[in-house]
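Remarks on the overall topology
For reference, the chains in residue letters:
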Amino acid sequence: MYSTSMLRRFFCFNAAASSSVAPSSSSAAAAITSKKKSLVFLGSPQVSATVLDALFNASAEPSSSFEIAAIVTQPPSRRDRGRKMMPSPVAQYALDRGFSADLIFTPERAGEEAFLSSLRALQPEVCITAAYGNILPTKFLNIPPLGTVNIHPSLLPLYRGAAPVQRALQDGVKETGVSLAFTVRALDAGPVIAREIVEVDEQIKAPDLLALLFAEGSKLLVHKLPSIFDGSAKVNAEPQDDSKVTLAPKISPEESWLSFDEEALILHNKVRAFAGWPGTRAKVLVVDDKSSNRNILELKIITTRVGPDDKVQDNDVNDITFVEGALVFPCGGFTTLEVLEVQLPGKKVTTAAAFWNGLRGQKLKTL
């Protein structure tokens, strides 16, 4: 990986190098004088790299009418156990593809004047955003004449906001999708160019669904790029129906607790929705009949399924049992949640069977 000093050379606009104004004049001139249309991509996490990969591949086609003039991403951050300064997944992917480090911008805020000056110098026809993670001010949106297009992982106007995939799974939707929409100052409210519907498997978790939606969004974007560049997408884009808007607010860690007073399906959907981050947690009571010890244990619930209702016994409504490889939690409405994988604090994810064997005959109860 790169040292901090190397990162300062690679990235034009981190905290230590925000005084940089523009890429080299030769790079800017090449982008401006090229016959191909100029595109700037904005994205940060791994799912954004999927979109960037599709754009790189499409731009390399002999018939391509565009090139990627620059990439905008979040500044390097401390990640992983070593807490080393590391570039965003998008920046790392771009470097691995041989993209010029001089044309990877990492402003703290997209409204920084030095960054905007560099962007204006590149004269992009259009900007594409995919999970960039930064608010785009009007000064930014005014730069590309053909607009800024966002890949949003929902069927807009449904699930506008920071957590569309998580909130959709939490609601137990049977289908969702991905939208291409022009970016406006109001959150996720711009006219929609196209949508792609995706069926939702009842066991899929948020990280996997997010990856699937951005993969589909990449294909949709590449298909629609010609109409975006010729201006017809802007003319034909469909205004959103504000009467059908639903919101997908940011998730807080406090939401991660499970309450077994709720029905099993609600809890199962929450486990799927919050997988990855912040996860779902539950407190259970460990009872040792031999010593009369009773301890509260905090578990991270990793994988679940909704169990049959006939596993609930009226006289043991708080007892957690082990049946056919699953911890069976009694839930509200005489429903059961089957927990297949758990994680103890500071430990690795383990199967329900391994966890149950580790109890050595102690009993579990819900709180």
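Note that the structure is predicted; figures quoted are calculated from it, not measured.

With 88% of its residues at a pLDDT of 70 or more, the protein shows a mean pLDDT of 90. Within the model, pLDDT remains below 50 along residues 1-26, and this stretch shows 57 contacts once partners closer than five positions in the same chain are excluded. Every residue in residues 28-33 is under pLDDT 50, and counting partners more than four places away or in other chains gives eight contacts.

So, about the pattern of salt bridges. For the structure on display, the rule yields eleven salt bridges. Between glutamate 216 and lysine 219 there is a salt bridge, with the nearest N and O atoms lying 3.5 Å from each other. Highlighted residues: glutamate 216 and lysine 219, both in helix H8 (residues 206-229), separated by three residues, approximately one helical turn.

What follows concerns the side chain of histidine 268. In this fold, histidine 268 is placed in helix H10 (residues 264-273). Owing to a relative accessible area of 4%, histidine 268 belongs among the buried residues under this scheme. If near-sequence neighbours (up to four positions away) are discounted, histidine 268 is found in contact with Glu202, Gln203, Thr304, Arg305, Val306 and Leu337.

For any pair of aromatic rings, the description consists of the separation of the ring centres together with the inter-plane angle of the planes. Following the criterion strictly, the structure yields seven aromatic pairs and no others. A ring pair is formed by phenylalanine 322 and tryptophan 356, whose centres lie 5.6 Å apart and whose planes are at 15 degrees; its orientation type is stacked. With phenylalanine 322 in strand S12 (residues 319-323) and tryptophan 356 in helix H11 (residues 352-358), the pair connects residues that are 34 residues apart, well separated along the chain. Look at phenylalanine 322 and you get partly exposed, because its relative accessible area is 28%. Members of the aromatic cluster, connected to one another through ring pairs, are Phe56, Tyr93 and Phe99. A cation over an aromatic ring shows up here: lysine 234 above the ring of phenylalanine 182, its NZ or CZ 6.0 Å from the ring centre.

Sheet analysis places S12 next to strand S16 (residues 363-366), joined by two bridges and oriented antiparallel. Paired with aspartate 319 across the bridge in S16 is lysine 365. Pairing analysis gives three bridges linking S12 to strand S13 (residues 326-331), with the strands arranged antiparallel. Looking across to S13, one finds that threonine 321 is bridged to valine 328. Between S12 and S13, which pair antiparallel and follow one another directly, the connecting turn spans two residues, one of which, glutamate 324, has a positive phi of 50 degrees.

Orientation of helix H3 (residues 46-59) relative to helix H4 (residues 89-96), taken along the N-to-C sense of each, is 35 degrees, at an axis distance of 8 Å. Crossing handedness for the pair H3 and H4: right-handed. Residues Gln46, Ser48, Ala49, Leu52, Asp53 and Phe56 of H3 form the contact with H4, whose participating residues are Pro89, Val90, Tyr93 and Ala94. Each residue belonging to the contact of H3 with H4 can be placed in one class, and the counts come to seven nonpolar, two polar and one charged.

Here seven strands make up an open sheet; going across it, the order is S5-S2-S1-S6-S7-S8-S9 and the pairing mixed. Each having just a single partner strand, strand S5 (104-105) and strand S9 (192-199) make up the two edges of the open sheet. Pairing geometry for strand S7 (residues 148-152) and strand S8 (residues 175-182), over four bridges, is antiparallel. Across the sheet, the residue bridging to asparagine 150 is alanine 181, located in S8.

The next point concerns H4. Where burial is concerned, most of H4 is hidden: six out of the eight residues are buried. Listed in full, the buried residues belonging to H4 are Val90, Ala91, Gln92, Tyr93, Ala94 and Leu95. Downstream of H4 by one or two residues, glycine 98 has phi in the positive range, about 85 degrees.

In this fold, glutamine 203 is placed in the loop between S9 and H8. Residue glutamine 203 is classed as partly exposed on the basis of its relative accessible area of 33%. Among residues more than four places away in sequence, those in contact with glutamine 203 are His268, Arg272, Thr304 and Arg305. One polar contact links glutamine 203 to histidine 268, side chain to side chain, over a distance of 3.4 Å.

Turning next to unusual backbone geometry. Here the amide bond leading from leucine 156 into proline 157 is cis, since omega sits at 15 degrees, within 30 degrees of zero. In the segment running from tryptophan 277 into proline 278, the intervening peptide bond is cis, with an omega of -5 degrees. Inspection of the secondary structure puts proline 278 in the loop between H10 and strand S10 (280-288). Even without a glycine there, the phi angle at glutamine 123 is positive, about 50 degrees.

Turning to helix H5 (residues 113-122), a few remarks are in order. Those residues of H5 that sit buried are Ala114, Phe115, Leu116, Ser118, Leu119 and Leu122. A positive backbone phi angle near 50 degrees is found at glutamine 123, which sits one or two residues after H5.

Helix-helix packing is characterised by the crossing angle of the two axes and by the distance between the axes. In the contact formed by H3 and H8, the axes pass within 9 Å of each other and the chain directions differ by 25 degrees. With respect to each other, H3 and H8 are oriented roughly parallel. Handedness of the H3/H8 crossing: right-handed. Of the residues in H8, those touching H3 at Val47, Thr50, Val51, Ala54, Leu55 and Ala58 are Leu210, Ala211, Phe214, Ala215, Ser218, Leu221, Val222 and Leu225.

Criteria and thresholds
- Per-chain numbering applies: the sequence of each chain, read as written, is numbered from 1 onward.
- pLDDT decides what is reported in this predicted model: residues at 70 or higher carry local features, side-chain atom pairs at 80 or more are listed and counted, and totals for whole chains, interfaces and linings draw on all residues regardless.
- Hydrogens and water are ignored here; the side-chain numbers use all heavy atoms of the structure.
- Each residue carries a pLDDT score, the predictor's own confidence in it, on a scale running from 0 to 100.
- Residue contacts are counted whenever heavy atoms from the two residues lie within 4.5 Å of one another.
- We count a salt bridge whenever a side-chain nitrogen from Lys or Arg sits within 4 Å of a carboxyl oxygen from Asp or Glu.
- For helices the rule is a DSSP run of H or I covering at least 4 residues; for strands it is a run of E covering at least 2, with both sets numbered from the N terminus onward.
- Think of it in three bands: with a 1.4 Å probe and only protein chains considered, a residue is buried below 20% of the maximum accessible area for its type, exposed above 50%, and partly exposed in between.
- When the centres of two rings from Phe, Tyr and Trp lie within 6.5 Å, Trp using its six-membered ring, the rings pair. Their planes under 30 degrees apart give stacked, over 60 give edge-to-face, and anything left gives tilted.
- Lysine NZ or arginine CZ positioned within 6 Å of the ring centre and within 35 degrees of the ring normal marks a charge as sitting over the ring.
- Note: two strands are recorded as paired if DSSP finds a minimum of 2 bridges between them.
- Inter-axis angles, ranging from 0 to 180 degrees, are taken between N-to-C directions of lines fitted to C-alpha atoms, where helices are fitted over the stretch in contact.
- Each crossing gets its handedness from the near helix: less than a right angle anticlockwise from the far helix is left-handed, clockwise is right-handed.
- Residues are grouped as follows: nonpolar covers Ala, Val, Leu, Ile, Met, Phe, Trp, Tyr, Cys and Pro; charged covers Asp, Glu, Lys and Arg; every other residue, Gly included, is treated as polar.
- Between N or O atoms, a polar contact is any pair within 3.5 Å; within protein, one atom must be a potential hydrogen donor and the other a potential acceptor, and residues adjacent in sequence are included only when both atoms are from side chains.
- Geometric relationships in this document are graded by angle, where less than 35 degrees denotes roughly parallel, more than 145 denotes roughly antiparallel, 65 to 115 denotes roughly perpendicular, and other angles denote oblique.

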